[in-house]
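As a plain string of letters, each chain reads:
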Protein chains: 2
Amino acid sequence: MKKLVVALAQINPTVGDFEGNSEKIVSYIKEARKYGAEVVAFPELAVTGYPPEDLLLKPQFISDNLRALNTVRENATGIVAVVGFVDRRDDIYNAAAVISERRIVDIYHKHYLPNYGPFDEFRYFQAGTRYPVYKIGNVGVGVNICEDIWYPEGPHAVQSLSGAEVIININASPYTVGKGEHRESRLVTRATDCASVIAYLNTVGGQDELVFDGGSIIADERGNIIARGKLFEEDLIVCEINVESVFMHRLQFPLRRQQALSLEEAHIETVHVPRKKTEPKAKPPKPGYRPMGQEEEIYRALVLGVSDYVGKNGFKGTIIGLSGGVDSALVATLAVDALGAKNVTCLFMPSRYTSEESREDSLALCNNLGVKFIEIPIDDVFESYLETLKPHFKGRKRNSTEQNIQARIRGNILMAFSNKFGRMVLTTGNKSEMSVGYATLYGDMAGGFAAIKDVPKTMVYALAEWRNRSGKKPVIPERVLWKEPSAELAPGQKDSDDLPPYEVLDPVLKAYIEEERSFEEILQLECAPQCAKDVIRMIDRSEYKRRQAPPGIKLTGRAFGKDRRFPITNKYRSY
Amino acid sequence: MKKLVVALAQINPTVGDFEGNSEKIVSYIKEARKYGAEVVAFPELAVTGYPPEDLLLKPQFISDNLRALNTVRENATGIVAVVGFVDRRDDIYNAAAVISERRIVDIYHKHYLPNYGPFDEFRYFQAGTRYPVYKIGNVGVGVNICEDIWYPEGPHAVQSLSGAEVIININASPYTVGKGEHRESRLVTRATDCASVIAYLNTVGGQDELVFDGGSIIADERGNIIARGKLFEEDLIVCEINVESVFMHRLQFPLRRQQALSLEEAHIETVHVPRKKTEPKAKPPKPGYRPMGQEEEIYRALVLGVSDYVGKNGFKGTIIGLSGGVDSALVATLAVDALGAKNVTCLFMPSRYTSEESREDSLALCNNLGVKFIEIPIDDVFESYLETLKPHFKGRKRNSTEQNIQARIRGNILMAFSNKFGRMVLTTGNKSEMSVGYATLYGDMAGGFAAIKDVPKTMVYALAEWRNRSGKKPVIPERVLWKEPSAELAPGQKDSDDLPPYEVLDPVLKAYIEEERSFEEILQLECAPQCAKDVIRMIDRSEYKRRQAPPGIKLTGRAFGKDRRFPITNKYRSY
């Protein structure tokens, strides 16, 4: 039987960590060889980590990346390795090296460069033009990169027509809610369209605002998923591909040359990959895939995002300000799940406006999580600010100024703990607040990472409830889940004094921010015209706050940050 | 004599202000007609303002822009108007409408879309493919947009070969130091290359991080500059172009068809522009151009950037924290020059570490500027923080934590004033500090706009000295210019305790940040290896601070902000 044993090394590289990344690649090469894999693939830009952003504009960075690839090359024997790196020719390319017996046999250049959402690949790379097919033994293999597979007429189509039976597509494809399903159905379509086996390899791990979810899959020529990698974890997927079956299938359903393809122009090339095979010594690992519901998936994405942001930036611990509300309770729980209880410090900083319930709930949460509860009343400091400002604010009414001062005192205390103990402050604002600017700049927005900034408030509750249900015992006190949200910065204050109910607000935010709906379309939602206007005005006017917010994890189709690039100076009003 | 009277309307639009922008365009159309102009041109995306960024992803924004263009169209009579807007076809295009007698005669689509530096045009636009030439009377006119003129084989070359004698190139080209000279020499080269008159129109004004400097110019077919617009101000340049001379010149030096051009593919079209001429009633304004030295040019860019950022965001006044040092003195002076003394509030916030000299110099500065001097000692608040934190910091040495608390108290007080009085805080950090992270997040970095964040410290001194020399009398006290810089956050502290001298530091910063030099190349500068390593390490490690910094004005080839997109999570070390 004509077959090929393919290994997909679903690894978690770190941007710029050439030493760490190349060591990891080499160790996975050895691992894959152990299981008798004939080819082992590594993710898009595995050598540099993804996305390296403007590091790519540094010539020295490109040379250092080539040096790291060379280290990998020197260690690639007994297997064919496909390794994502940055190639340097007349310009730079997002590339995959095909390495066999310490020799770079060929280099593939990515054709389709994404330049939307958080991606800026036109800023850096030239697009490839070649469609090589690699003969590994008697099997034809096409290699291409990420976005290349999203276009029906993409490289996989040309490669399949020119002899490829297996397509290895290496990715750095960030997680968004629901993307897994979409990804899978597209790959199945592509595989059946070109009657080839598609081995889709994704990277895994957090990088600033992005979380790569892994979830590599292999779809056969008939559209069956024959292997799956873990979600949100490193994994090595080893799969024996029945290539005979591709041939049988094509006999029945011959590939049609598509009009859009001009094979003459496509620089068809067949590259023979010489190799020595070594005998396998171990059984490959069982696939570790486990399907997840939406809440679990999001929760796991957040945990991975937090642990990688904190860890890859050289921090061990985090500091979180607990308010008694659900947002900070969720963030503290996420942090404990990501880093362990001993690496999480929780500060409770009551003022004259803080309720006893908030104290009780924060304390109960800390007990449930096994985290130390530190209480620091802020009233003395608040009083000293009021005293200092009194002569200057004479005759002026109290307003949000005094509320912001309280939030900023808390921000300063958190940062003082951060500075003194070298732990990173996690902020606790959710997407609903970030959207309408219901947050204090340099106050509750002060910190290194905004874990839930792309989680709407209604989803915050859903995640908290899921976490309570799914753990050994609930950790977030019940009352936190049903009491009315309040910032507790003024007497009797409730979120609903300033905002519509979150069940009304969140769909408007989704329509305006994620779906770019017009004002007319938003009026179709359950929101009064004045309410819609107010919400849109609040969103538009808070851009200056978001610009100074810490980065956070992208989960939706349009997150704040590199994904949504808005002018601050902006007189546009859609209502 | 064959001639064409061209008017360049060097206007200052605001992003998203469709009403204001279209009104402005209409009023300039009238103005240009008054002087007998046959054509009046408006800048790139004049209708929307530039750059609209992700507003372009809102379908409603595109429709509203078309509606605004329609308003312009209805008012365009007696003159041909060339107006930058966003065209919507199968996709969107960065476009110029050619309007005559209330009719859109043709629409040109920009060919070359910049996607580097602060630009993201591939994110939004499709590239144009047409090369129309407009017959206005008996004169052939080519219209193209910004980047189109930077390529020798660009649209101007094709248009000139197909009958254009005058090229109108509309721009939104941001200021960087020294760009004016470069721009002029390129345009002169292009004009002589294609033996056409090039009328280069630039927009003017501040938009977030960008300042557009105006400085429109008209270069004739022999490379002579025959008209110039003002720098950093709105202007209407009316110029009678001698088109006969183009013909005469081409008789002597025939245009050669370049190999690179394939005219068959270029969709050559001649579009006749019907029009009614009205008689001029007034003499055109005299050209207002005045050459500037580098310091003046930079200073004017900063003044325009500040006044537009503050004004276009709906603020009248600003608040500045004065330290007694040169940075805050320069920013206060800039603010007064931009907004007037009565719109600037200066706060002096001494602590136990503040010298008497700092107080004297800040007071003198305020007197010189005619600004009220408000003094708010921070020691009581500082003491209350220390008291509150004492039980938690027991046994730990004082370190930068306590310094940061002071800076953050000042930040909070400035923000309290901002919240209470509705004025925008201007931060005072310079590029040298922003580069190495010698600033406190949420402390001296707290504010709406960082006016001098792209000005290296050595240039801060040069600007301060230039301002003292050029005004009626010096405003920045002499001592500020020669005393040793200090943050005054600890006893006897000097910048030089933590940083190399600015004369050594600034060239390293330029080499590493602006020029992307390798470590080896940086060692060629006057900087010891350990010093170079320390500086690079500080730059690399401060990305998290810069990500949360307020926007500021881009002046150099690589400013912090949208111009330099660095990962925070980044293990790359170049040394």
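Bear in mind that the values here come from a model prediction, so they are computed numbers and not experimental data.

A.B. asks: Which residues make up the sheet that holds strand β17 (residues 344-348) of chain B, and what values do they have?
C.D. replies: Sheet strands associate in pairs through backbone hydrogen bonding, adopting either a parallel or an antiparallel arrangement. Residue and element names in this part refer to chain B. Taken in spatial order, the five strands of this open sheet run β18-β17-β16-β19-β20, and their pairing is parallel. Two strands bound the open sheet, and with one partner strand each, they are β18 (373-375) and β20 (449-450). In this sheet, β17 lies alongside strand β16 (residues 318-322) in parallel orientation, the contact comprising five bridges. When the bridges of β17 are listed, threonine 318 appears paired with valine 344. The strands touched by helix α8 (residues 356-369) within the sheet are β16, β17 and β18, with β18 carrying the most contacts at an inclination of about 150 degrees.

A.B. asks: Can you tell me about the interface of chain B and chain A, naming the residues and giving the values?
C.D. replies: Counting residues at the interface gives 85 residues for chain B, matched by 85 residues for chain A. Counting the surface lost from both chain B and chain A, the interface buries some 7,500 Å², and carbon and sulfur atoms represent 55% of this. The largest share of the area that chain B buries against chain A comes from B:Lys420, B:Thr569 and B:Tyr572, three residues that together contribute 11% of it. Seen at the junction of chain B and chain A, the total is eight salt bridges.

A.B. asks: Lay out the confidence of the model for chain A with the relevant residues and their values.
C.D. replies: Mean pLDDT for chain A: 95, with 98% of residues reaching 70 or above. Confidence estimates for the predicted assembly give a pTM of 0.96 and an ipTM of 0.95.

A.B. asks: Go over helix α2 (residues 59-74) of chain B with me, naming the residues and quoting the values.
C.D. replies: For α2(B), spanning 16 residues, the distance from its first C-alpha to its last is 23 Å, which sits close to the expected 22 Å at 1.5 Å a residue. Among the residues of α2(B), B:Gln60, B:Phe61, B:Ile62, B:Asp64, B:Asn65, B:Ala68, B:Leu69, B:Val72 and B:Arg73 are the ones counted as buried. Of the surrounding secondary structure, the elements contacted by the buried residues of α2(B) are α16 (519-523) of chain A together with α1 (18-34), β3 (80-88), β4 (92-100) and β5 (103-109) of chain B.

A.B. asks: How would you sum up the environment of B:Gly49? Please name residues and give values.
C.D. replies: Residue and element names in this part refer to chain B. Within the secondary structure layout, glycine 49 lies in the loop between β2 (39-41) and α2. The exposure class of glycine 49 is buried, given its relative accessible area of 0%. Taking the C-alpha atoms as reference points, glycine 49 and tyrosine 442, 393 residues apart in sequence, are found 31 Å from one another. Setting aside residues no more than four positions away along its own chain, glycine 49 makes contact with Pro13, Thr14, Val15 and Asn21.

A.B. asks: With reference to specific residues and values, describe the pattern of salt bridges.
C.D. replies: Per the stated rule, a full pass over the model turns up 91 salt bridges over all chains. The partner of B:Glu53 in a salt bridge is B:Lys562, with the nearest N and O atoms 2.2 Å apart. With B:Glu53 in the loop between β2 and α2 and B:Lys562 in the segment after α18 (543-547), this pair connects stretches of sequence that are 509 residues apart. An identical accessibility class is assigned to B:Glu53 and B:Lys562; each is buried. Of the charged contacts, one joins B:Glu74 and B:Arg73 as a salt bridge, the two residues approaching to 3.9 Å between their closest N and O atoms. Judged by relative accessible area, which is 39%, B:Glu74 ranks as partly exposed. By sharing partners, the salt bridges in this structure join A:Asp120, A:Arg565, B:Asp120 and B:Arg565 into a single network.

Rules used in this analysis
In this numbering scheme, every chain counts its residues from 1 along its sequence in written order. Written order determines the labels here, with chains lettered from A and ligands numbered from 1. A pLDDT threshold of at least 70 governs which residues receive local features in this predicted model, and a stricter bar of 80 or more applies before side-chain atom pairs are shown or counted, although totals over entire chains, interfaces and linings include all residues. Water and hydrogen atoms were dropped before computing side-chain values, which therefore reflect all heavy atoms in the structure. Here, any two strands with at least 2 DSSP bridges between them count as paired. Secondary structure elements follow DSSP: runs of H or I of four or more residues count as helices, runs of E of two or more count as strands, with numbering from the N terminus. In what follows, a contact means two residues having at least one pair of non-hydrogen atoms within 4.5 Å. The axes are straight lines fitted to the C-alpha atoms, using for helices just the contacting stretch, and the angles between their N-to-C directions are given from 0 to 180°. Buried area: the accessible surface (1.4 Å probe) lost by two parts on joining, summed over both. By salt bridge we mean one thing: a side-chain nitrogen of Lys or Arg within 4 Å of a carboxyl oxygen of Asp or Glu. The predictor reports its confidence for every residue as pLDDT, a score running from 0 up to 100. What a helix is expected to span follows from its residue count: subtract one and scale by 1.5 Å. Classification of residues uses two cut-offs on accessible area relative to the type maximum, computed with a 1.4 Å probe and protein chains only: under 20% is buried, over 50% is exposed, and between them is partly exposed.

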